[in-house]
Amino acid sequence: MIDQYQNDVLDLLVTCPKGIEQLLEEELVQLGASPGKTTVAGIYVSASQETAYRLCLWSRLANRVIVILQRASMVDTAAQLLRAVTGVPWAGHIAPGKSLAVDFHGRSEHIRHTRFGAQTVKDGVVDAMTLAGVERPQVDTRSPDVRLYAHLHRNNLTLGIDLSGESLHRRGYRLEVGHAPLKENLAAALLVRAGWQARIKDDEPLIDPLCGAGTLLIEAALMAADQAPNLNRRRFGFHGWAYHQPAVWEQLQREAQARASIGRKRCRNVLFGFDQSPAALSAAKANAMRAGIPALINFHGQGVAQLERPEGLASESALLITNPPYGERLGELPELVGLYAALGEKAKALFPGWTLAVFTGNPDLGHRLGLRAHKQYALKNGPLDAKLLLMEIGADTAYRTSAHSADSHATSTSDDTPSQAVESSLQQASSDNAQMFANRLKKNQKRLKKWLKQSGESCYRLYDADMPEFALAIDVYADRVHVQEYMPPRSVNPAQAQKRLFDALEVLPHALEVDASRIYVKQRERQAGKSQYQKRDASGERFEVQEGPARLWVNLRDYLDTGLFLDHRPVRRLLGERAQGKRFLNLFCYTASATVHAALGGASDSVSVDMSNTYLSWAQDNFALNGLDPSRHRVIRDDCFKWLETASTQFDLIFMDPPTFSNSKKMRDTLDIQRDHPQLVRLAMARLMPEGTLVFSNNQRRFELDSTLREEFAVEDISAKTFDPDFQRRHNLHHVFLLRHRESS
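Please read all numbers here as calculations on a predicted model, not as lab measurements.

Conventions we followed
Residues numbered from 1 in each chain as written. Predicted model: local features only at pLDDT ≥ 70, side-chain atom pairs only at ≥ 80, totals over all residues. Heavy atoms only, no water. Phe/Tyr/Trp six-rings, centres within 6.5 Å; stacked < 30°, edge-to-face > 60°. Buried < 20%, exposed > 50% of the residue type's maximum accessible area, 1.4 Å probe, protein only. Lys NZ or Arg CZ within 6 Å of the ring centre and 35° of its normal. Helix = DSSP H or I, 4+ residues; strand = E, 2+ residues; numbered from the N terminus. Expected span 1.5 Å × (residues − 1). Bend = angle between axes of the 7 residues up to and from the residue. Salt bridge = Lys/Arg side-chain N within 4 Å of Asp/Glu carboxyl O. Pairing = 2+ DSSP bridges. Axes fitted to C-alpha atoms, helices over the stretch in contact; angles between N-to-C directions. Contact = heavy atoms within 4.5 Å. Parallel < 35°, antiparallel > 145°, perpendicular 65-115°, else oblique. Left-handed = near helix turned anticlockwise from the far one by under 90°.

Engineer: Please provide a residue-by-residue account of the packing of aromatic side chains, values included.
Structural biologist: A full pass over the atoms with the stated rule returns 19 aromatic pairs. Between the aromatic rings of Phe 696 and Phe 703, the centroid separation amounts to 5.9 Å while the plane-to-plane angle is 75 degrees, which identifies the pairing as edge-to-face. Residue Phe 696 is classed as buried on the basis of its relative accessible area, which comes to 0%. Judged by relative accessible area, which is 5%, Phe 703 ranks as buried. Members of the aromatic cluster, joined through ring pairs, are Tyr 559, Phe 565, Tyr 590, Tyr 615 and Trp 618. Between the NZ or CZ atom of Arg 233 and the centre of the ring of Phe 236, over which it lies, the distance is 5.0 Å. For the cation-ring pair, Arg 583 lies above Phe 651, with the distance from its terminal atom to the ring centre recorded as 5.5 Å.

Engineer: Lay out helix α15 (residues 494-512) with the relevant residues and their values.
Structural biologist: Because each turn of an α-helix spans 3.6 residues, side chains separated by three or four positions in sequence point in the same direction. Between its terminal C-alpha atoms α15 stretches 26 Å, which fits the 27 Å expected from 19 residues at 1.5 Å a residue. At Glu 506, α15 is bent by approximately 25 degrees, the largest bend along its length, and proline Pro 509 sits one to four residues beyond. When α15 is considered as a whole, its buried residues turn out to be Ala 497, Gln 498, Leu 501, Phe 502, Asp 503, Ala 504, Leu 505, Val 507, Leu 508, Pro 509, Ala 511 and Leu 512.

Engineer: Would you mind going over the environment of Ala 714 in detail, with residue names and values included?
Structural biologist: Counting through the fold element by element, Ala 714 comes out in strand β29 (residues 713-717). With a relative accessible area of 15%, Ala 714 lands in the buried category. Separated by 21 residues in sequence, Ala 714 and Thr 693 have C-alpha atoms that sit 9.9 Å apart.

Engineer: So what about the pattern of salt bridges? Which residues, and what values?
Structural biologist: In total, this model carries 35 salt bridges according to the counting rule given. The partner of Asp 503 in a salt bridge is Arg 368, and the shortest N-O contact between them spans 2.6 Å. Taken together, the residues Asp 503 in helix α15 and Arg 368 in the loop between α12 (363-366) and β14 (373-381) connect sequence positions 135 residues apart. On the basis of relative accessible area, Asp 503 is assigned to the buried category, the value being 6%. The partner of Arg 461 in a salt bridge is Asp 464, and the shortest N-O contact between them spans 3.1 Å. Assessed through its relative accessible area of 6%, Asp 464 is described here as buried.

Engineer: So, the sheet that holds β14: which residues are in play, and what are the values?
Structural biologist: Strands sit in the order β11-β10-β9-β12-β13-β15-β14 across an open sheet of seven strands; the sheet is mixed. Either end of the sheet is taken by a strand with one partner, and the two such strands are β11 (297-301) and β14. If you compare each strand with its neighbour and ignore which way they point, the axes differ by 15 degrees on average. Pairing of strand β9 (residues 206-208) with strand β10 (residues 271-275), which is carried by three bridges, proceeds in the parallel orientation. Bridging from a neighbouring strand, Ile 207 pairs with Phe 272 of β10. Running at roughly 175 degrees to β10, helix α8 (residues 215-224) makes contact with β9, β10, β11 and β12 (319-322) of the sheet. Lying on the sheet, helix α10 (residues 278-291) is in contact with β10 and β11; it crosses β11 at an angle near 170 degrees.

Engineer: Could you give an account of the packing of helix α6 (residues 184-193) against α8, with specific residues and numbers?
Structural biologist: At their nearest, the axes of α6 and α8 sit 9 Å apart, and the two run at 65 degrees to each other. Here α6 lies roughly perpendicular to α8, going by the angle between them. Considering the relative orientation of α6 and α8, their crossing is right-handed. Between α6, through Glu 184, Ala 187, Ala 188, Leu 190, Leu 191 and Val 192, and α8, the contact on the second element is made entirely by Thr 215, Leu 216, Glu 219, Ala 220 and Met 223.

Below you can see the structure in the form of structure tokens.
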């Protein structure tokens, strides 16, 4: 091993983000290394020590440069791992008094935890150095002098020393990252794929219309200025390596500094970054300053909708590249659909002849650009699958990309995608459907206008899958819109369903004259147990709405349901009308909006029962909002079955709206409303005063009231009377019954 270093020949493993191995191999050749086998997210190479240093300094794509010291097979147990590690002459690589850390990756049948693997490797190193009579190293996981690399895969072990120390993507300039930062070496890979290096020679400009913290722009500027990406880094892993050659490293640094000085002066490329966030622009400017290239980038505070071509920029060919938000959560889509569409429109209007490069983790959003991708590259952005879409901006490309474009690393659309005429036809059909959808929204608004004016209601259903192409429920909450996408049947192509959703979201802001940021989207599936009550987000974003005399809190973001079931509005109104002087019980109370109506209608006191602490707290907030006395209007956390079996209090008016099904762990048994409603109704009727009324409601579409209940009690089905004009399309949405004791009927 020592002879190997005296001959100045190193076996290296150079790692990188998944998907850019080919680009890394080309870069390694340019930097003087000799690539060998390519593996997932890495390439084995042979190189001199000087070249290894050059890779650390100049590679724009690598994560780590590792000197391989040992390769061993048949490593499964801790003892076998320890034996392989102690076989390396560590005393020649780690000088006395130096600290170390071990990065262990992989597992075997007997080595199942990386921490255990790292500990075993450390023990082997210490044993080897002790046997060699050298002072044992200390462990420092934060800032070690030497960082060891250990990878175990299919019982094959690779051991080495990480010459990088910290991952090479951390250039040191990005202390202020902004939101969802793009790693520096991935940004560099996107630029290479987009052909930026060739454009540098032609003095072409570059624009990022959604620059965020400026990573794409800074990496582009470093390339244009011929500045080594890690020129400003103070320390690398090789600084603590016993074989480090300071003179070789210092010479490489001097050469790089000279090239950067000349490159910044000669650079003729103009770079522009736009973003509407003052915080993002501030971070981008600070990052550019630390990178040493602030003069090469012009930053402007401007959103995509306000984007203009920079004054005096006459280039007929250049690069427009950006990494817009992806919309990882469904609720983020309303703004993003409009953002992508606006980006495409601006690109076509302002930059004909340019290339648009969009890196997105949601290719379906990429289709909203209205441009055809002539190349696509599949990449990873951390754990997310993503694509770089390359589009030539011109009059002949102003139509949407195909939803069935190939998923290969790089594909030309000329052979395997629909023709321009076909795509234009598809786009026209999509546009026609979207216009029909917009027309239906306006028609529904017109139909409800008189009722809304008379009733004063501000929360209502505007659309409920009126058109089969758009399987959505759209509810208006004052100045906000809540959109629920019904889960499409398996017979519907998911890509087509997604496209229709995006068509709808693109239309909604204009049709309803509402800002996209005030549109909230969720997907409604068949619910099991209490999943309709489970949290989807944790924004805490709630606001007040008015329903008749009641003021109520709603939350459109965090849960599948909003805190207010709009279809039960007439039932709540009925309870308020009948509550004067009554003792009121609300079972399965949810956020107790029905209790608020009863209390405001004059109920003398009330009890509201539910199992959820979250919704009982919400109920108490609703009580406080309406100035209700908590000593007279109580909430109880309990299983309604259990509470009814043990309660002794009688009530004049009871409202019971149980879920269709629940298997909550807090319940004694599962609840199936069709099966269990006779027992539940009888328990509730046992708590009802002789002259009282039970209002029993549920949302089981095919619900049938048990015939024995009609024999025991006076039953009136009032379902047909409990639908306001906004819900009259779905008369089976809920069922409502009034039950009384027969002697009082």
